[in-house]
Amino acid sequence: MPKEIPVYLFTGFLEGGKTKFIQETLEDPRFNEGDRTLLLVCEEGEEEFDPSRFADPQNVFMELLEDISQLNEVYLTSLVKKHKADRVVLEYNGMWMLQQLYNRMPDNWIIYQEFMLCDANTFLSYNQNMRQLVVDKLNSCEIVVFNRAGAGIDKDAFHRVVRGVSRRCDIAYEHPDGSVEYDDIEDPLPFDIDAPVITIEDRDFALWYRDISEEPKKYDGKTVKFKGMAALDKRFPKGMIAVGRFVMTCCEADIQYMSLLCQVPKDNRIKHKDWLTVTARVTVKNHPLYQGVGPVLTALEYAPAAAPEQEVATFY
Amino acid sequence: MTTIDIFSGFLGAGKTTLIKKLIADGYQGQQLVLIENEFGEIGIDGGFLQDAGIRINEMNSGCICCSLVGDFAKALHQVIEAYHPDRILIEPSGVGKLSDVIRAVQSADTAGAVLGGFTTVADATKVKMYMKNFGEFYLNQIEHASTIILSRTQGMDEKKLQAAVQLIRQHNDKATLITTPWDQLSGAQILEAIAQKSTLEAELAALAAETAAEEAQEHHHHHHEDGACCCHEHEHEHDHDEHEHHHEHGEHDGHEHHHDHDEHEHHHDHDGHEHCCCHDHDHHHHHADEVFTSFGRETTRKFTRESIASALSALQDEARYGQILRAKGIVQAEDGSWIHFDYVPGCPDIRSGSAGLTGRLCVIGAKIDEAAIAALFGVE
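All residue numbers refer to position in the chain's written sequence, counted from 1. By the order in which they are written, chains take letters starting at A while ligands take numbers starting at 1. For this predicted model, a pLDDT threshold of at least 70 governs which residues receive local features, and a threshold of 80 or more governs which side-chain atom pairs are given and counted, while totals over whole chains, interfaces and linings are taken from all residues.

## A word on the overall build of chain A
The condition is simple: Numbering of helices and strands runs from the N terminus, with a helix taken as a DSSP run of H or I at least four residues long and a strand as a DSSP run of E at least two residues long. Put plainly, a residue is buried at 20 or more neighbouring C-beta atoms within 10 Å of its own, exposed at 12 or fewer, and partly exposed in between, counting only other residues' C-beta atoms, which are placed from the backbone.
Counting its regular elements, chain A contains 7 helices and 15 strands. Projected onto the principal axes, the alpha-carbon positions of chain A cover approximately 75 × 50 × 30 Å. Counting over 316 residues, chain A shows a buried share of 34%.

## What about the overall build of chain B?
Operational definition: In this description, a residue-residue contact is defined by the distance between C-beta atoms placed from the backbone, which must lie within 7 Å.
When helices and strands are tallied, chain B shows 12 helices and 17 strands. In chain B, which comprises 380 residues, the proportion classed as buried is 44%. Expressed as a percentage of contacts within chain B between residues at least 6 apart in sequence, the contacts between residues at least 24 apart total 75%.

## A short note on the confidence of the model for chain B
Residues and elements named next belong to chain B. For clarity, the cut-off: pLDDT: the predictor's confidence for each residue, scored from 0 to 100.
The predicted model of chain B averages 77 in pLDDT, with 71% of residues at 70 or higher. For chain B, strand β9 (residues 229-230) is the element with the lowest average pLDDT, namely 40, and strand β6 (residues 147-151) is the one with the highest, namely 97. Low pLDDT, under 50, characterises residues 218-283; the stretch is placed with 83 contacts to residues that sit more than four places away or in other chains. Interface confidence for the predicted complex, given as ipTM, is 0.71, next to a pTM of 0.74.

## Remarks on the sheet that holds strand β8 (residues 180-182) of chain A
Residue and element names in this part refer to chain A. This is how the line gets drawn: For two strands to count as paired, DSSP must find a minimum of two bridges between them. Simply put, an axis is a line fit to the C-alpha atoms, just over the touching stretch for a helix, and the angle between two N-to-C directions goes from 0 to 180 degrees.
Taken together, the 8 strands give an open sheet; going across it, the order is β3-β2-β4-β1-β5-β6-β7-β8, and neighbouring strands pair in mixed fashion. The open sheet has two edge strands with one neighbour each: β3 (60-64) and β8. Taken over all neighbouring pairs, the strand axes of this sheet differ in orientation by 20° on average, direction set aside. Packed on one face of the sheet, helix α1 (residues 18-27) meets β1 (5-11), β3, β4 (87-91) and β5 (109-119) and runs near 155° to β4.

## Some thoughts on helix α9 (residues 200-216) of chain B
Residues and elements named next belong to chain B. Note the threshold: Here the expected length of a helix is defined as 1.5 Å per residue gap, with one fewer gap than residues.
Look at α9: 24 Å from first C-alpha to last across 17 residues, which is about the 24 Å you get at 1.5 Å a residue. Those residues of α9 that fall on the buried side of the exposure criterion are Glu-203, Ala-206, Leu-207, Ala-208, Ala-209, Glu-210, Thr-211, Ala-212, Glu-214 and Glu-215. Check the buried side of α9 and you find it contacts β12 (293-299), β14 (323-333) and β17 (359-366).

## Notes on the packing of helix α5 (residues 127-134) of chain B against helix α7 (residues 158-171) of chain B
In helix packing, the relevant descriptors are the interaxial angle and the interaxial distance, both defined with respect to the helix axes. All names here are of chain B. Which entries qualify depends on this criterion: For this classification, Asp, Glu, Lys and Arg are treated as charged, while Ala, Val, Leu, Ile, Met, Phe, Trp, Tyr, Cys and Pro are nonpolar and the rest, including Gly, are polar.
Interhelical geometry of α5 versus α7 gives an angle of 35° and a closest axis separation of 9 Å. Between α5, through Val-127, Lys-128 and Met-131, and α7, the contact on the second element is made entirely by Ala-163, Ala-164, Leu-167 and Ile-168. Taken together, the residues of the contact of α5 with α7 break down into 6 nonpolar, no polar and 1 charged.

## A few points about the packing of helix α1 (residues 15-24) of chain B against helix α8 (residues 187-194) of chain B
Residues and elements named next belong to chain B. Note the cut-off: Working definition: roughly parallel below 35 degrees, roughly antiparallel above 145 degrees, roughly perpendicular at 65 to 115 degrees, and oblique for all remaining angles. When the near helix sits turned anticlockwise from the far one by under a right angle, the crossing is termed left-handed; a clockwise turn instead gives a right-handed crossing.
Interhelical geometry of α1 versus α8 gives an angle of 110° and a closest axis separation of 8 Å. Put simply, α1 runs roughly perpendicular to α8. In this structure, the crossing between α1 and α8 has a hand that is left-handed. Every residue of α8 that contacts α1 at Lys-21, Leu-22 and Ala-24 is listed here: Gly-187, Ile-190 and Leu-191. Along the lines of polarity and charge, the residues of the contact of α1 with α8 split into 4 nonpolar, 1 polar and 1 charged.

## A closer look at the environment of Val-224 of chain A
All names here are of chain A. Here Val-224 lies in strand β10 (residues 223-231). According to the C-beta neighbour criterion, Val-224 is buried, with 23 such atoms within 10 Å. C-alpha separation for the pair Val-224 and Ser-140, spaced 84 residues apart in sequence, amounts to 27 Å. With near-sequence residues (within four places) excluded, Val-224 lies in contact with Ile-198, Ile-200, Tyr-219, Ala-280 and Val-282.

## Some words on the pairing of strand β5 (residues 113-123) of chain B
Residue and element names in this part refer to chain B. Pairing analysis gives 6 bridges linking strand β1 (residues 2-8) to β5, with the strands arranged parallel. Bridging from a neighbouring strand, Thr-2 pairs with Ala-113 of β5. Pairing analysis gives 5 bridges linking β5 to β6, with the strands arranged parallel. By the bridge assignment for β6, Val-121 is matched with Ile-149.

## So, the nonpolar core
Where we set the bar: Think of a nonpolar core as buried Ala, Val, Leu, Ile, Met, Phe, Trp, Tyr and Cys residues, each tied to the set through C-beta atoms within 7 Å.
Within the largest apolar cluster, 140 residues are counted, with the highest numbers of intra-cluster contacts made by Val-88, Cys-118, Leu-138, Val-144 and Phe-146 of chain A together with Ile-148 and Val-363 of chain B. Of all hydrophobic cores here, the second largest spans 27 residues; its members include Phe-205, Ile-212, Cys-262 and Ala-280 of chain A.

## Some remarks on α7 of chain B
Each turn of an α-helix holds 3.6 residues, which means side chains three or four residues apart point in the same direction. Residue and element names in this part refer to chain B. Cut-off, in case you're wondering: The reported arc concerns the directions from the helix axis to the C-beta atoms and nothing else.
With 14 residues, α7 ought to run about 20 Å at 1.5 Å a step, and its terminal C-alpha atoms sit 20 Å apart, in line with that. Along α7, the positions that sit buried rather than exposed are Leu-161, Ala-164, Val-165 and Ile-168. Projected onto a plane normal to the axis of α7, the buried residues spread over an arc of 100° and lie on a single side. Projecting away from the buried face of α7 at angles above 90 degrees are the exposed residues Lys-159, Gln-166 and Gln-170. Of the surrounding secondary structure, the elements contacted by the buried residues of α7 are α5, α6 (136-143), β6 and β7 (176-178).

## Structural notes on the pairing of strand β16 (residues 347-353) of chain B
Residue and element names in this part refer to chain B. Summarising the sheet, strand β15 (residues 338-344) and β16 pair through 7 bridges and their orientation is antiparallel. Across the sheet, the residue bridging to Phe-341 is Ile-350, located in β16. The antiparallel pairing of β15 with β16 creates a hairpin that spans 2 residues between the two strands, and Gly-346 there sits at a positive phi of about 75°.

## Notes on the environment of Trp-208 of chain A
All names here are of chain A. Here Trp-208 lies in helix α7 (residues 205-214). Each C-alpha atom, one on Trp-208 and one on Pro-190, is 8.7 Å from the other, the two residues being 18 residues apart in sequence. Discounting residues that sit within four places of it in the chain, Trp-208 has contacts with Phe-191, Ile-200 and Phe-226.

## A closer look at unusual backbone geometry
The backbone of Gln-291 of chain A shows a phi angle near 55°, a positive value even though the residue is not glycine. Although it is not a glycine, Arg-152 of chain B sits at a positive phi angle of roughly 55°. Along the polypeptide, Arg-152 of chain B turns up in the loop between β6 and α7.

In structure tokens, the structure reads:
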């Protein structure tokens, strides 16, 4: 196995401020202490790099990917070899999905940090019209920076968009005068996680599902009550069903059934696609059907239920 | 009969602003339906549209991953059946291909509706960057447009604008192109462009036909007004009926000549006349069947009245440029105003007038040297 190559990934649409941010990063002596850096650029905006101002210009090697076909393991490996690079700073093309990078980058490339840079002036419009690309990048980034944020911007709107996708990433606003402000809007979950029975309203299912998937330990040993649709599968052991709902993240094309395993009495009469209100205890454990550790429910009570008003769950 | 006009263009190009302008000034009197498949930055204000008798049908699939064909056909049918509008304006997603929208409309099989213009709005300041980075859908919008309207050209560096036009022309050399800042144009002018009634070809053809008719005519009527001053008038009949052609110069505050030929309507309005000339046809007469050559150019170059005057007077040099019979143009002046000119040998007429869609130059003559003429006007 070749040595691990750390990748610093910068995402976001054209004119989001990626180049400027990378330029500043490469000017910072603390980030540039002699590592040989492959600066991989997949987009050519207005802003251009000025290597003369890099902290360690002789150790930065810029390569341009003109076309997504160049994003392939063989070519990327050859670039690392050519420059004897220790790490990669990657300015990704805003119109490419990240999955394409994950599928095509060499196995020894490891994403260390992921930043998303956006122009505050176009972000909301781009989000409405190219939601899939926005969700794709927000999903995994650690911080999203909204550049050129005027004083009057509606931070709630930005916050909602980001938090609708990710509860983890930090949100920063960079104002035209260069000052940076962090988003400190708290979003309490819309259900009480310390209640004896954590009750999930129909409209909060998607949010709850994402939360329990991201941080299952938080729910270990607790009791939850929610409404979901049963799914039976002949591969499941007797008394095991899945309970979940169809969840839409972005648009109709990405609707998926998202469910948790739930142990019910073996003599149950639950049929496939029955709607149920389930009260169950959560145990986080290894389960072959999860192919790893996940929250497994044990039903304490279950009863037939009417389908929710809006059958497909969304992040509102 | 319903006409369907499509307005494509990337997000932020200014589609909504353009549509608003056309609704306020251009489409008035027509019953309109607007179908939006994009979430605009400047939301079209419902009240504004209702006042204008416009209905909006929003489509929810404003996302590139959703197919628009099924929804589109359904929306179109509903709209036509419910409202029988004169016109349907479609604002598709800014990140979609124009050809997909055209195909979707065609395959919707809408009896009683015809396709009008396919317009693409492009931010002139970003053509180069978007073309390079967006590739396919962006080029598709340029390539399939019948009219390309550049936005944000005001105050743009002349060379940069020229470069943007060149890039666009590499991908579409047929579309009618508007480079003039929109506030200088009337909605009606833009609609003429969209309806393909104002193309360089049409202007050249009209000028060629005019020239041919004049040259074929034995007798010219001259009106002598104000003593020595005469104006170039067209009282003779024009019997070419293929082309329609409108010249609206200025505010029509001067003397105005109306010719009420049914098919051929043509106004010359001379405002701000500085010098009058006598248009006497002493020069060679050509027979109508003689083949003229025409030279036409679109240009975003800025001129001065002096540079036009000297170019027109140079045109008399037959050895150098060929035998020039007519020249005509509307070009932008360095001060942002517009220069209109008409030329018959020895008789240049230069005046100020309203903005053209883009700068246009037409020269008609026999054995003309196009390269020399292009160089003369600096439009090589």
